[in-house]
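Given next are the chains, with one letter for each unit.
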Amino acid sequence: MQRASVYVHFPWCLTKCPYCDFVSYATERPAVPHAAYADAVIRELRARAESFQTKEIASIFFGGGTPSLWEPAELGRVLAAIRDALGCAPQVEVTVECNPTSLDRARADALASVGVNRLSIGTQSLKQEQLSFLGRLHNPQGALDAVTDALASNIARVSTDLIFGLPEQSADDARAQALALADLGLRHLSCYQLTIEPGTRFGELARRGRLPLADDGRVADAFLAIDEALAARGLVHYEISNYAAPGEEARHNLGYWRGEEYLGLGCGAYGFVRNELGGVRWRNEIDPARYLERAGWGSMSEEPLDAETLLRERIMLGLRLATGFDLEAAAADLGVVAWTDERSREADKMLKSQRLIREGAILRIPNKAWLFTDDTAARLF
Amino acid sequence: MSIPQSHIRNFSIIAHIDHGKSTLADRILEVTGAVSSREAREQFLDKMDIERERGITIKAQNVRLKYVAKDGQVYQLNLIDTPGHVDFNYEVSRSLSACEGAILVVDSTQGVEAQTLANVYLALDQGLEILPVLNKVDLPSSDVEKTKEQIEQVIGLDCADAVSCSGKTGVGVADILEQIVLKVPPPRGNPEGNLRALIFDTWYDAYRGAMVMVRVLDGCIKRGDKIRFMVTKTEYEVTEIGSFQPFAVALEEIGAGEVGFIAANIRSVHDTKVGDTITHALPSRQSTDALPGFKDVKPMVFAGIFPTDSSDYPALRDALEKLHLNDAAFNFEPDSSEALGFGFRCGFLGLLHMEIIQERLEREFNLDLITTAPSVVYQVYKTDGTQVRVDNPAKLPLAQYVERIEEPYVKMAIHVPTDYVGAVLSLCQDKRGSQIDLKYASQDRVIIIYELPFGEVLFDFHDKLKSVSRGYASMDYEVIGYKPGQLVKVDIMVNGEPLDALSIIVHKDRAYHRGRGLSEKLKEFVPQQQYEVAIQAAIGGKIIARETVRALRKDVTAKCYGGDISRKRKLLEKQKEGKKRMKQVGSVEIPQEAFLAILKVDS
C-alpha cells in the first residue's frame, strides 16, 4: 500500500512572529472557535477522504499557527475522525506543534490522552535578547520548562526547534544552545537558519534595509558547528535542518522529502495527490472565516504538476536527506527519463568536484557540500 | 511627363540637429497639399519608429510635391530630406548630390551651431544654391536680427532675403516655397541624351527586392526599359517606377532632372551600389560616361555584437544581412570571444550609428544582444617592420612585438556660449586635445577648434561636453589622420583568466583609472561563487587593480515542507534559468548582465 500522511493546519497564534510566513492570525485564546473549526476540518476531511482511502496513513501532523492553543478535546475529535475515515498504520505518528506559552505537563498529558504521541516545541532560542528579536512571547526558562514537562509527560516523542543565524550570533553561541537542548534528553532537534521571507515583518524591514542581517560566513560556521556538536551527542544530521537519534526521525517530514502524498486539511493547508498526469498540489482558503463557511467545498487554488516537475521536486527534496535518494527509482515511479544529457553532464561535473556522491542509483550530497544544496539541486533540474 | 525641366526644383533642407528641419518639412507637405491634415502626423518623413522616437532623421527620405506658384504656373518640387547628425554626414552629401538647392534652417533662438556650418560646407561642395531661413520665430527667445548677423559673419551668406518662419505655426512657409521656385536653379540635364541616372539611396523591399532611388540627369527611364548599372555591370528590366508624394505613386517614367525609385527584380543588393550610374542596356542608348559617384564611407567605430543566447547566432547573422541592405554604411564579419561566444565584429560610422543599429536589431528582429565597448581603428607598427590595423583590443599584438601604435585624430569644432569656454577648454585638454583655433562667432558665442584623439571622443566626450556647457555647446568633427600615442592594452582577468570582451586600449596615463573602474564595476555583478574570485586589471603581466569577490558560504534552503515545496521548486527553477545565461570563464560563472552593465559604463 502507498504511504501517505495527513496535515491539519491551525491558523491562530497568540502573536504573529516577525519571521513567520505561515498562515497564522494573532488572536486571544477565548476568541478561537474551537468546536466550529473542528467541525469544519471534519467536513473537509469527509469531502476529501476518498482519494486517500486506498493509502496507509503513516503520520498525522497538526501544524500552525499554534495548534497547542486548540482545546485538546476538539483536536482529539478531529484526530478520531481522521482515524475513522482513513486507514492508519498501527504505529501512526501523531504530532502537534506547540509553543512554550501554551504547553505544560497537563496540556501534554491531555494531548496524549486523545492520541497524540509526538510534540514539536517552538523553543527557537534560549537567550532572552534573541527571543525578543524573534518576537517570541516566552522566556528561556519557559522554553526549558516546556521541553522538560513534555519529556516527563505521557507523550512518547518530543522534538524542539532552534533558530540560528541571528544577527551578530557567533557559531559558539549556536552550538552551545543546540547542546543545551540536546542535553535535556531530546532525541529529535530541528535547527533552522533564520530565513527572511517576503511578506513578513522581517521581510519588509529587510527590503527597506532596516533589518540587521547575519553575515553569511558566520551562519555557515554556525551550521557546521551545530552539525559537529550534535553528532557528538549521537544525534544524526539526517536532513539539512534536522537531527535525530536513530529511529527517531520525523516520519511526517520524511514523507514530504520522499515525494509522498499528503492530505492537507484546515485553513491555509496544502495537500498533494498524484494522478495520471503527475499530480496536483492544492491550497485551502486562507481566510479563517471563509474557511469555516466553505470547508468541504474545494480548494482556493490548485497547481497541476506534470511528471517532469515532480521529478525536479524529488531531486530538490531527496538531496536534502543525508541518505540521498534513488533518482532512477523516482524517475521510473513517475514514468520519465532519469538521466537526460544535460543532467548527466551536470552531475558528472559535480561528482568530480565532490559536490555530489553517487552510490549505485543513489545520489546524495556529502556533509561538507550541504551548504550548497540549492545550487546542486538547481543544476540537476 | 508634362512638367518641363524648367519647372522642376530639387532641394534639400539642411540644419543642425533640433533646429526644426523635420517639422518644417511637415509644414511644406501640408501647404502644398501633399498630406491632408487627416494623414498628417508629426515628422511625416521620418518613417522608422526610431527616427520619430529620437526625433532625428537617419535615412534620407524624399518626396515629390506639386506646387502652384504665385506666377500661376505648376512646379514639381522634389524635397530630399537629410539627416542632421554628424554620424550620417555621408547620407547628407548623397542627398545633396541629387539637388540644385538647399534650405538652410537656423533656429533663431539658438543661432549657428557646429553642424549648421558642417552642412553648409557640404552643400557648397556640391555647388548648391543655399537659402537661409530663420526658424522658430514664434518663440519669445527668437532673435532674428542677431541670427542673421551671425549667419553673415560666420558663414558668409547674404541674409537680406532670408525668410523668417515657424515650422510650428506655418508662418513664412509659403515664402520659402516661392524662394525655392525663384532662386533654386532648374536641373540642367539633356532630356534627349542617353540615360544617366545617379543612385543615391537603396533599400530592400521584401516583395520587390532591392530598390534604388535615382536622380535622372540625362534622358529618361521608362517602365519596361532594360537598364545597366555601370559599376557593377549588371542589367535588369525595370518592373516598376514611382515617386513618393509622399505615399508611393506608380509612374510611367522618370525624366531628366527628376527623382524617383525603380524596382527591377534585383535580388542582390550588392548589385545596387549607391553612387553607381544607371544607363540603358541598349548600346545605341547607352552612355559610357559614368557620374563621379561617392567616396566609399569607411566605418570609424568598431564593436562586437554577440547574441545573449548563443543559439541566436544564425538569427543575428540574418538580421545583420537584412539591415545591411538598408544601411550599407556599416559592415560586419564573424567574430568570436572566449567570454561571449560567437558573434560579429561590426564597423559603424559613429556612436549614434552604432546605437541605432543595435536598437534596430533588437527591435525589428527581436534579438537580445551584448555590444562590446566601441573601439576606433589603431595602426600598429610591429617590431618586424610590418603594420596591422587593429579594430578590436583583444587582437592587439603583445607589447614586446609592438614598436608603436598610432591612433586616429579628429578635428573638432565646438560652438559654445562664452560663459562655458573655460569648461570646454579644460575638457578638451583633459581629453588629450591640442587647441588649433578659438574665434568669436558673435559677441557671446565662440567657435573652438581642437585636435583630439578619436578614441577619447568616442568614450564620453559628447556627454561631458553637454554637461560642462549645460547643453549649450554643439560639436562637429571630421577624422583627419593618425598620430602616435602612448597607448596600452588593459586586460580584465577573473581568477587569472582574461575576459577578452572587456579589454580596452587606452592612453597609459588613464590605464590605472579605467582599469580600476572596470574591476569595481565587474565586482558588483559577479555573483559570489563557492570560492574567492579575484578580479584584476592588468597591462601586459602587470596587475594595476584588484577587487575580490568573497566566497559564497551557503546556498541552502532551511525549511522545505508541504506548502513550501512549490515555491522553493520555482525558486530553484529560476536559479537554473539564471545559470543558463551565465558565461563560464575558467571556473567562474559570470552572468550576461555583468557584461551588459560594464560595456555600458561610460566613466
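Residues numbered from 1 in each chain as written. Chains lettered and ligands numbered in written order. Predicted model: local features only at pLDDT ≥ 70, side-chain atom pairs only at ≥ 80, totals over all residues. Heavy atoms only, no water.

Caption draft 1: Quick look at the overall build of chain B. A tally of regular secondary structure across chain B gives 13 helices and 33 strands. By the burial criterion, 57% of the 603 residues in chain B qualify as buried. A fraction of 68% describes how many contacts in chain B between residues 6 or more apart in sequence connect residues 24 or more apart. When the accessible surface of chain B is summed, it comes to about 25400 Å², and 48% of that surface belongs to carbon and sulfur atoms. (Helix = DSSP H or I, 4+ residues; strand = E, 2+ residues; numbered from the N terminus. Buried < 20%, exposed > 50% of the residue type's maximum accessible area, 1.4 Å probe, protein only. Contact = heavy atoms within 4.5 Å. Areas by Shrake-Rupley, 256 points an atom, 1.4 Å probe, with all protein chains shown as cover.)

Caption draft 2: The pairing of strand E25 (residues 445-453) of chain B, seen in detail. All names here are of chain B. Among the nine residues of E25, nine are classified as buried, and the element is accordingly described as predominantly covered. The alternating pattern of E25 places Arg445, Ile447, Ile449, Glu451 and Pro453 on one face and Val446, Ile448, Tyr450 and Leu452 on the opposite face, and all of these are buried. Pairing between strand E24 (residues 434-442) and E25: seven bridges, direction antiparallel. Among the inter-strand pairings, tyrosine 440 is bridged to a residue of E25, identified as valine 446. Where E24 folds back on E25, the antiparallel hairpin that results is connected by two residues. (Pairing = 2+ DSSP bridges.)

Caption draft 3: Quick peek at the interface of chain A and chain B. Each partner contributes residues to the interface: chain A has 42 residues there, and chain B has 28 residues. Both faces considered, chain A and chain B share a buried interface measuring about 3400 Å² in area, 51% of it formed by carbon and sulfur atoms. The tally of links between chain A and chain B comes to 13 salt bridges. Counting every contact that joins chain A to chain B gives 31 residue pairs in polar contact (both at pLDDT 80 or more). Of all the secondary structure elements, the ones that give two or more residues to the side of chain A that touches chain B are strand E8 (188-193), helix H8 (216-232), helix H9 (251-257), strand E14 (301-306), helix H11 (307-318) and helix H14 (373-380) of chain A. Taken together, the residues of the side of chain A that touches chain B break down into 19 nonpolar, eight polar and 15 charged. (Buried area = accessible area lost by both parts, 1.4 Å probe. Salt bridge = Lys/Arg side-chain N within 4 Å of Asp/Glu carboxyl O. Polar contact = N/O pair within 3.5 Å; in protein donor to acceptor, adjacent residues only side chain to side chain. Nonpolar A, V, L, I, M, F, W, Y, C, P; charged D, E, K, R; others polar.)

Caption draft 4: Focus on the pattern of salt bridges. Counted according to the given criterion, the structure contains 70 salt bridges over all chains. With a closest N to O distance of 3.1 Å, arginine 3 of chain A and glutamate 260 of chain A form a salt bridge. Here arginine 3 of chain A, found in strand E1 (residues 3-10), pairs with glutamate 260 of chain A, found in the loop between H9 and strand E11 (261-265); they are 257 residues apart in sequence, far enough to count as distant. Overall, the relative accessible area of 38% leaves arginine 3 of chain A in the partly exposed class. One salt-bridge network, in which partners are shared between bridges, spans Arg281, Glu303, Arg312 and Glu313 of chain A together with Arg569, Lys570 and Glu573 of chain B.

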